[in-house]
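# Structure assessment
The chain contents come next:
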Amino acid sequence: AARFEALAKTHGVRKAYHGSKPEKWFSIISSGLRVFKDRDVLQSNGSAFGEGIYLTDTLEVAQSFAPVGDGFPSSSRTSRFRCVAVCEYIDSPLVHRTKKPPASFLVDGLPHNYIVVPDEDYVRVTELIVTGFAATPTGNGWSVFGLGPISLLIIAYLLMLLLSSGNISSMLQTARKLMKL
């Protein structure tokens with residue numbers, strides 16, 4: 001986190017999206033986005049444009065890499081969801097950014113605009129967009145995974161705190177204060 005902040009002061013920061021399969025999110029939330037240089041460990045969608053963390057500045061393109069997956073099969077609210085991360089990355093010459101003509105989102109199976117970040121210290125997840133499918137309306141609004149909008153906002157806020165600070169005890173204290181509201 002300290003290296004990211006120092007690089008951000010020098011080069012500036014841009015926002016982008018990262019889509020991934022549902023089964024990858026536990027690792028991403030726990031360890032962050034990673035560059036796999038070991039040839040035995042393949043990234044989900046390969047490395048067509050070189051080694052690095054693949055981002056896009058278009059939400060729809062990120063969603064195309066984030067298939068809907070199974071979540072909580074016994075939930076009465078929804079059992080399917082999709083996750084896309086909102087990321088910040090260092091605007092450095094080391095980051096490869098390309099835009100292709102806007103004929104469609106995918107050209108030969110590849111996105112129009114992609115961003116390849118070669119160093120995992122140059123990117124951080126700031127938010128997580130979780131879209132639930134087959135949500136059932138409740139008497140006082142809507143819910144996803146059986147949670148109402150306030151609970152979901154608190155969870156999203158705590159995830160953002162955890163990802164940005166890495167300080168779990170501080171996050172738990174904040175959670176206790178929020179739950180008393």
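Residues numbered from 1 in each chain as written. Predicted model: local features only at pLDDT ≥ 70, side-chain atom pairs only at ≥ 80, totals over all residues. Heavy atoms only, no water.

## Topic: the overall build of the protein chain
- Of the regular secondary structure elements, the protein chain holds five helices and nine strands.
- Reading the helices (α) and strands (β) of the protein chain from amino to carboxyl end gives α-β-α-β-α-β-β-β-β-β-β-β-α-α.
- For the protein chain, with 181 residues in total, the buried portion stands at 29%.
- Expressed as a percentage of contacts within the protein chain between residues at least 6 apart in sequence, the contacts between residues at least 24 apart total 69%.
- For the protein chain, the accessible area works out to roughly 10,900 Å², and carbon and sulfur atoms hold 58% of it. (Helix = DSSP H or I, 4+ residues; strand = E, 2+ residues; numbered from the N terminus. Buried < 20%, exposed > 50% of the residue type's maximum accessible area, 1.4 Å probe, protein only. Contact = heavy atoms within 4.5 Å. Areas by Shrake-Rupley, 256 points an atom, 1.4 Å probe, with all protein chains shown as cover.)

## Describing the confidence of the model for the protein chain
- Per-residue confidence for the protein chain averages 74 on the pLDDT scale, and 56% of its residues sit at or above 70.
- Considering each helix and strand of the protein chain separately, the mean pLDDT is smallest for strand β6 (residues 106-107), with a value of 54, and largest for strand β1 (residues 13-19), with 95.
- Low pLDDT, under 50, characterises residues 135-143; the stretch is placed with 15 contacts to residues that sit more than four places away or in other chains. (pLDDT = per-residue confidence, 0-100.)

## Things to note about the environment of lysine 24
- You can see lysine 24 is positioned in the loop between β1 and α2 (25-31).
- In the structure, lysine 24 is positioned 59 residues away from cysteine 83 in sequence and 9.7 Å away in space, judged by C-alpha atoms.

## Details of the sheet that holds strand β8 (residues 114-117)
- If you trace the three strands from one edge of the open sheet to the other, you get β2-β8-β5, paired in antiparallel fashion. Of all strands in the sheet, those with a lone pairing partner are β2 (53-55) and β5 (96-98), marking the two edges. On average, each strand axis in the sheet is inclined to that of its neighbour by 15 degrees, with strand direction left out of account.
- Bridge analysis of β2 against β8 gives three bridges, and the strand direction is antiparallel. Residue pairing across strands places isoleucine 53 opposite valine 117, the latter belonging to β8. (Pairing = 2+ DSSP bridges. Axes fitted to C-alpha atoms, helices over the stretch in contact; angles between N-to-C directions.)

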